[in-house]
Amino acid sequence: MSADVHQLAQMLHELDDQMVSCMKCGLCQAVCPVFAETMSEGDVARGKIALLENLAKEMIQDPQGVQKKLNMCLLCGSCAANCPSGVKVLDIFLKARVIVNTYMGLPAAKKAIFQGLLTKPALFNSVLDVASKFQGVFTKTANEVIGSSCSRIQAPVIGERHFMPLAKKPLRKLEAPRNSRPGKSGYRIAFFPGCLIDKVYPQIGQAVLKIMEHHEVGVYMPAGQACCGIPALASGDKNSFDKLVACNVDVFEKENFDYLLTACATCTATMHEIWPLMSGNLPQSMQDRIAALATKVMDVNQFLVDVLKVEAPVAGTGTKVTYHDPCHLKKSMKVSEQPRLLLKTNPRVEFVEMADADRCCGCGGSFNLEHYTLSKEIGTRKRNDIVASEAQVVATGCPACMLQISDMLSQHHDKVAVKHVVELYAETL
Amino acid sequence: MISATLLATFQKLLGKENVMDSEADRHAYSYDAAVLDAVVPELVLRPTNSEQLGRTVALCNENKLPMTVRGAGTNLSGGTIPTKEHGVVILTNGLNKILEINEQDLYAVVEPGVVTAKFAAEVAKRGLFYPPDPGSQAVSTLGGNVAENAGGLRGLKYGVTKDYVMGVNFWNAEGEYVKSGGKTVKCVTGLNIAQLMVGSEGTLGVYDQIILKLVPPPVASKAMLAEFDDINKASETVAAIIANKIVPCTLELLDNATIKYVDDFTKAGLPRDAAAILLIEVDGGHVALVEDDAVKVLDICKKNGARHVQTAKDAAEKNKLWEARRNALPALARARPTTVLEDATVPRSQIPAMIKAINDIGSKYRLQIGTFGHAGDGNLHPTILTDRRDKEEFTRVEHAIDEIFDIALQLGGTLSGEHGIGIAKAKWLEKETSKATIIFSRRLKKAVDPEYLLNPGKIIGG
């Protein structure tokens, strides 16, 4: 064993106390979407924890093999939600990715994207603004109902994907930054649209603003927001993650508000859970600032139902709508009833449950980029459940899930629209 | 070392993706759910059809490679931990087809890698019932259940896995095909090899097909939760229910320590001062009959000193009553880093003596122990909460386990009700049986597996 791997092992000891609580019962095999496809023990939480333990004990010589297994994970949290011992699997995996991926070094492409682009929000925004103007040259419409596109040419990365095009104008060009006082509701929120709503789904952001106006909720939506940081962290780039968190803390600290709302399940879970979790190595003052902001973070569905007390009148009839539970809403934030209730507020909507509504869609952010075949196998199960429900619309609470579900439905030529819950709720106002 | 030629032969036979020899893959199959040291295999193989399985066994035999067959790896006695020298793990999760469910003749034929709960659900869809329900059923495989003779909560009334095995076809150590049992209720053709294969923990053959008995499901059930301020009263209640010719499908007990751990975890407002609670469920083929039984059980509980009994009126209430039992293991498992789950079993009349002894042992060795389990069949799960990294404390745990087994044997019980012997309990086997038993078993093993290649070291050592 080289001195270097010894150092890596030492760093992993930080995770000992959390890893030891895994009693290796193996029940995570029942719920892991990756294991369901590969049936390989190294892909399930128990196996990954065993590998990390053996790496920490210096019983394993080749950290690259462990890194490969570690990255073969959607970070969906299904294992943690189902774990009899309450092992904090996501905490372990995120910290381990930082340790192992820092030790092994970040691939050049990720380095360029995270460190050269994502951490510089103004540059990142303008690059994508330019890209949105030229995308039509290389892509064509694939499915009118879904609004997806596919590549006109053999393109790397895109491959066979049916993807959602960048919006002609991002949310930040459609809706000016604002800072309004609370009306009758007495509440004031800050709104964090996140990358996908800003750049791909601005209509979701507009729906949120319309809803807040209707309920007379004051809105603080500042310019200069950055990505929530999860893409960088999931790749183990803690430095870029810290920069993005700090950028957002600076922007949102400037004003007072009751809740910091997002309409993206992944952003919500990241800001609420993972920001404080990963702040341990920062100065105490920064930890306090992050904690103060993180406690205010709330999913928009939860805000409408639990805080504003929106109620569903009677069962509607008309368009059949089903709901997909984003992992980061149901398993991380325990929000699952609220979005269903909001769907039922629409009198023109007949709500139908699909089978396994809380099964992961298989997107997993960069997992989709790195393991597309597997991501598609998992996504196809979701697509089959959606189609079997006979719904005309599938609603969900996360734009990342929407991208994946749109790709799956579009490739099968299904005429099922993909919407965010707030879009359907906003229609009723 | 396994030669490059042999590796290539396996790859040609099984496909490259089903021959795993990378360090990470091998480490991922070095353990199971038992609190034991891991042993890293040299090779992991995944056959995906019967012929491949047979050829795999034959090739391992020709090359003198010890084989450990693994389903979901949920074993609690180390039965799926591979052998130290040149160990090969054979995975069954590529052999996961239900080959037949016969509704006329009430049997099913399955491959060994079928997941227990998925099988039970398929059977239920056809209006039939496969009762064995081990705690790991959501992931455990039927092959593993047969190899361990797995039990579960329904043991008292419905029996355990062995009561449902009608036939086992398997590959012997040389990779030749052996058939045993059949699809008929009556079958006395030849030695009863099928039942010999049940609970053999992979030491006698490699299962290829298993024929399982199915039964009609109960149509009604009724659940009750009874609190006692004296564990003897709980035990007398159990005895009285059975003396009254009522056989509940579930008769679960939680001791005072477990009740407190569950209440700490769920904040459900459980009776923290109760010495024990019993979860009792009766079921049957007729609603009126089940109602009658429930009334009788309620009466028996009260007569035998239950201080409070709740009866579930509907499915939602039944679900609520089950919550304490469902959370027993999760609550205990969260209390400390390491959970040692034992399954010493005693005649049901000895439960109070056994629980008292367990608690005395806990005090003697300064250990936290919660006990819950299947009171109807005397199968208790004394669960020791510890931290295996603390060597001094773990030595005390090992002494405590020795004493728990001693006392179980003194009370006329057994080392293991349902977790198997594996490597964890092999050293106590002679104490419960006799020297001659071990010798007899070893002769049997040597006769069918002269090279000791089928999961060597398990049950009878050697």
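Residues numbered from 1 in each chain as written. Chains lettered and ligands numbered in written order. Predicted model: local features only at pLDDT ≥ 70, side-chain atom pairs only at ≥ 80, totals over all residues. Heavy atoms only, no water.

*Asks:* An account of the pattern of salt bridges is needed here, citing residue identities and associated values.
*Replies:* All names here are of chain B. Under the counting rule described, the total for this entry stands at 48 salt bridges over all chains. Residues arginine 396 and glutamate 392 are paired through a salt bridge, measuring 2.8 Å at the closest nitrogen-oxygen approach. Here arginine 396 and its partner glutamate 392 are both found in helix H14 (residues 391–410), four residues apart, which amounts to about one turn of the helix. Owing to a relative accessible area of 11%, arginine 396 belongs among the buried residues under this scheme. (Salt bridge = Lys/Arg side-chain N within 4 Å of Asp/Glu carboxyl O. Helix = DSSP H or I, 4+ residues; strand = E, 2+ residues; numbered from the N terminus. Buried < 20%, exposed > 50% of the residue type's maximum accessible area, 1.4 Å probe, protein only.)

*Asks:* Give me the lowdown on the interface of chain A and chain B, citing residues and values where you can.
*Replies:* Facing 34 residues of chain A, the contacting portion of chain B comprises 30 residues. Between chain A and chain B, roughly 2,400 Å² of surface is buried when both sides are summed, and carbon and sulfur atoms account for 54% of that area. Interface area lost by chain A to chain B is led by Val20(A), Met23(A) and Met39(A), which between them contribute 23%. At the boundary of chain A with chain B, the tally comes to four salt bridges. A salt bridge links Asp17(A) to Arg389(B), with the nearest nitrogen and oxygen atoms 2.9 Å apart. In terms of residue count, helix H4 (residues 45–56) of chain A provides more of the side of chain A that touches chain B than any other element does, six residues in total. Along the lines of polarity and charge, the residues of the side of chain A that touches chain B split into 14 nonpolar, 12 polar and eight charged. (Contact = heavy atoms within 4.5 Å. Buried area = accessible area lost by both parts, 1.4 Å probe. Nonpolar A, V, L, I, M, F, W, Y, C, P; charged D, E, K, R; others polar.)

*Asks:* I'd like a description of unusual backbone geometry, backed by residues and values.
*Replies:* The phi dihedral of Glu58(A) falls on the positive side, at around 60°, and the residue is not glycine. Within the fold, Glu58(A) resides in the loop between H4 and helix H5 (63–71). We classify Glu58(A) as partly exposed; its relative accessible area is 25%. Phi is positive for His86(B), which is not a glycine, with a value near 55°. Position of His86(B) relative to the elements: it lies in the loop between strand S3 (67–70) and strand S4 (88–91).

*Asks:* Residue-level account of the nonpolar core, with values.
*Replies:* All names here are of chain A. Membership of the largest hydrophobic core comes to 127 residues, with the highest contact counts inside it found for Phe93, Met212, Phe303 and Leu304. For this core, the element with the most residues is helix H7 (residues 89–104), which contributes nine residues. Taken together, domain 1 (3–104) and domain 2 (310–427) each give at least three residues to this core, which thus spans both. Residues contacting methionine 212, with those up to four places away along its chain left out, are Ile189, Val217, Val219, Leu261, Val300, Phe303 and Leu304. (Core = buried A, V, L, I, M, F, W, Y, C linked by side-chain atoms within 4.5 Å. Domains from an automatic or database assignment.)

*Asks:* For the pairing of strand S5 (residues 98–102) of chain B, give the residues involved together with the corresponding values.
*Replies:* One face of the sheet, then the other: side chains in a regular strand alternate in exactly this way. All names here are of chain B. In this sheet, strand S6 (residues 107–110) lies alongside S5 in antiparallel orientation, the contact comprising four bridges. What sits directly across from isoleucine 101, in S6, is alanine 108. Hairpin geometry of S5 and S6 is characterised by an intervening segment of four residues between the two adjacent antiparallel strands and by a positive phi of about 55° at leucine 106. (Pairing = 2+ DSSP bridges.)

*Asks:* Can you lay out the sheet that holds strand S3 (residues 178–179) of chain A for me, pointing to particular residues and giving the numbers?
*Replies:* All names here are of chain A. Sheet architecture is open: five strands sit in the order S3-S5-S4-S6-S7, paired in mixed fashion. If you trace the sheet from one side to the other, it starts and ends with S3 and strand S7 (297–299), each paired once. Here helix H15 (residues 265–277) sits on the sheet in contact with strand S6 (259–262) and S7, set at roughly 155° to S7. Sitting on the sheet, helix H17 (residues 300–307) is in contact with strand S4 (188–191), S6 and S7, with an inclination near 85° to S7. (Axes fitted to C-alpha atoms, helices over the stretch in contact; angles between N-to-C directions.)

*Asks:* A description of the domain arrangement of chain A should follow, citing residues and the corresponding values.
*Replies:* Residue and element names in this part refer to chain A. On domain assignment, one finds that chain A holds domain 1 (3–104) and domain 2 (310–427). A C-alpha centroid distance of 29 Å is found between domain 1 and domain 2. Overall, the association of domain 1 and domain 2 removes approximately 1,100 Å² of surface from exposure, summing both partners, and the carbon and sulfur fraction of that is 64%. The largest share of the area that domain 1 buries against domain 2 comes from Glu37, Leu74 and Cys76, three residues that together contribute 45% of it. Our count for the contact surface shared by domain 1 and domain 2 stands at one salt bridge. Glutamate 37 is the salt-bridge partner of arginine 381, the closest N and O atoms lying 2.6 Å from each other. For the interface between domain 1 and domain 2, the tally reads three residue pairs in polar contact (both at pLDDT 80 or more). Elements with a minimum of two residues in the side of domain 1 that touches domain 2: helix H3 (33–38) and helix H6 (78–81). Among the residues forming the side of domain 1 that touches domain 2, the class breakdown is nine nonpolar, four polar and one charged. (Polar contact = N/O pair within 3.5 Å; in protein donor to acceptor, adjacent residues only side chain to side chain.)

*Asks:* If you had to explain the packing of helix H13 (residues 351–364) of chain B against H14(B) to someone new, which residues and values would you point to?
*Replies:* Residues and elements named next belong to chain B. Interaxial distance between H13 and H14 falls to 10 Å at its minimum, and their mutual angle equals 160°. By the angle class used here, H13 and H14 are roughly antiparallel. Relative to H14, the crossing made by H13 is right-handed. For the pair formed by H13 and H14, the contact residues are Met354, Ala357, Ile361 and Lys364 on the first element and Ala400, Glu403, Ile404, Ile407 and Ala408 on the second. Class assignment for the residues of the contact of H13 with H14 results in seven nonpolar, no polar and two charged. (Parallel < 35°, antiparallel > 145°, perpendicular 65-115°, else oblique. Left-handed = near helix turned anticlockwise from the far one by under 90°.)

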